[in-house]
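So the chains spell out like this:
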Amino acid sequence: MRDLRVIPAQLLAWYDCHARLLPWRVPPGQGPADPYRVWLSEVMLQQTTVAAVKAYFERFTELWPTVHDLAAADEAQVMAEWAGLGYYARARNLIACARAVSARGAFPTTRTGLAELPGIGPYTSAAIAAIAFDRPETVVDGNVERVVARLFAVGTPLPAAKPELVALAAGLTPGARPGDFAQAMMDLGATVCTPRSPACGLCPLGAHCAARARGIAAELPRKAPKKARPLRRGTVWIGFRGQEVLVETRPKKGLLGGTLAFPSTGWDGSDLPPPADADWREIGLVRHVFTHFALDLAVMTASLTAAPERGNLAPLSEFSPAALPGLMRKAWALARPEPSARPATTGRRGKPSRNPR
Ligand code: SF4
């Protein structure tokens, strides 16, 4: 009979020696961490990897060291700094949340209070409450789902298994050092109990693991087959007038909302005319994969002679492709003038890598 009560102590002892060093963390046993840094990192990490987030986190905390600084920031600058992280609704919620926290003076200290803030769902509220306020909340991200599914040999496929995995994880959460325990579970999933080849021989929980005992660790967690993504099509227009390029800020609501972009058609079958009357020429196609669909975007370019009906002409000397979302950067890579034909631009950073969290 397995005695699961020893799991927290064994896992915390492992974490004390093997915790990942991350810029938003405090070392094991020295918590709780700064809620601003925990919140910012957790929002950035939603749908994005640790490797991709690190540089963004360091840049944001350098520009805006406190939640009050971020609350007072220029919205367009925040969106530009977010460019490349994707899922732009997170950036809009980030600003709204910073302003709400600054207005009330500080972050709420409970999961319930945190969950009332913009952009903070059940997972993020539990993570902040545990890591920043040492509340005994159960924090279940993808890494923790995998560890728990294997520890208990849960055969139900995801996502149907989620409630069962949360309940099983809750049964493990200790009253002491819950923030460290949450991070230890995440680290175990990220570094030992990895998706394809779990290093069971190095695992502090190996003696308690039902999947290991049955030799099925690498098969878990099971996942329901993914539905094929539909393919949508659209057009983007990149117009030049002398040393200027035509850009616009996308509407706040909707995909890539509030980001700097080139004028385009809708991507849901809705149509829009070109932003100016010109001799548009197709120069290629870019493909981009969003969560729910793939998009083929025809890239058109032209020299503008008439005044555009949409967008603003921005001097190329001030235009930074790094402020564009990934889709628009791909289009720009096809259309940009040769370096000899344009003034130097001021790129901030390259596209982040996509290493596993
Ligand atoms: Fe994961 Fe293996 Fe540890 Fe089980 S024993 S939790 S499968 S690494």
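Definitions and limits used
- Residues numbered from 1 in each chain as written.
- Predicted model: local features only at pLDDT ≥ 70, side-chain atom pairs only at ≥ 80, totals over all residues.
- Heavy atoms only, no water.
- Phe/Tyr/Trp six-rings, centres within 6.5 Å; stacked < 30°, edge-to-face > 60°.
- Helix = DSSP H or I, 4+ residues; strand = E, 2+ residues; numbered from the N terminus.
- Buried < 20%, exposed > 50% of the residue type's maximum accessible area, 1.4 Å probe, protein only.
- Lys NZ or Arg CZ within 6 Å of the ring centre and 35° of its normal.
- Polar contact = N/O pair within 3.5 Å; in protein donor to acceptor, adjacent residues only side chain to side chain.
- Patch = residues over 30% accessible without salt bridge, like charges linked within 9 Å, V, L, I, M, F, W, Y side chains within 5 Å.
- Areas by Shrake-Rupley, 256 points an atom, 1.4 Å probe, with all protein chains shown as cover.
- Salt bridge = Lys/Arg side-chain N within 4 Å of Asp/Glu carboxyl O.
- Lys, Arg positive; Asp, Glu negative; His and termini not counted.
- Charge placed at Lys NZ, Arg CZ, Asp CG, Glu CD.

A. Region of interest: the packing of aromatic side chains. Scanning all chains against the criterion turns up 11 aromatic pairs. Taking the centre distance of 6.0 Å and the plane angle of 50 degrees together, the rings of Phe262 and Phe319 count as tilted. Note that Phe262 is positioned in the loop between β3 (260-261) and β4 (281-289) and Phe319 in the loop between β6 (312-315) and α13 (326-335), a separation of 57 residues in sequence. Using a relative accessible area of 0% as the deciding quantity, one classes Phe262 as buried. On the accessibility criterion, Phe319 (3% relative accessible area) is buried. Members of the aromatic cluster, joined through ring pairs, are Phe240, Phe262, Phe319 and Trp332. Sitting over the ring of Phe293, Arg232 keeps its end group 4.0 Å from the ring centre.

B. Examining helix α2 (residues 35-45) more closely. Summarising burial for α2: 10 of the 11 residues are buried, a large majority. Within α2, burial applies to Pro35, Tyr36, Val38, Trp39, Leu40, Ser41, Glu42, Val43, Met44 and Leu45. At the N-terminal end of α2, a side-chain oxygen is found 2.9 Å from the backbone nitrogen of Tyr36, two or three residues along, and the residue is Asp34. Two residues or fewer past α2, Gln47 is found with a positive phi of approximately 70 degrees.

C. Geometry of a positive patch on the surface. Together, Arg196, Lys223, Lys226 and Arg229 line one region of the surface with positive charge. Turning to its location among the elements, Lys226 is positioned in the loop between α12 (210-214) and β1 (231-241).

Remember that the coordinates give geometry; whether it matters functionally is a separate question.
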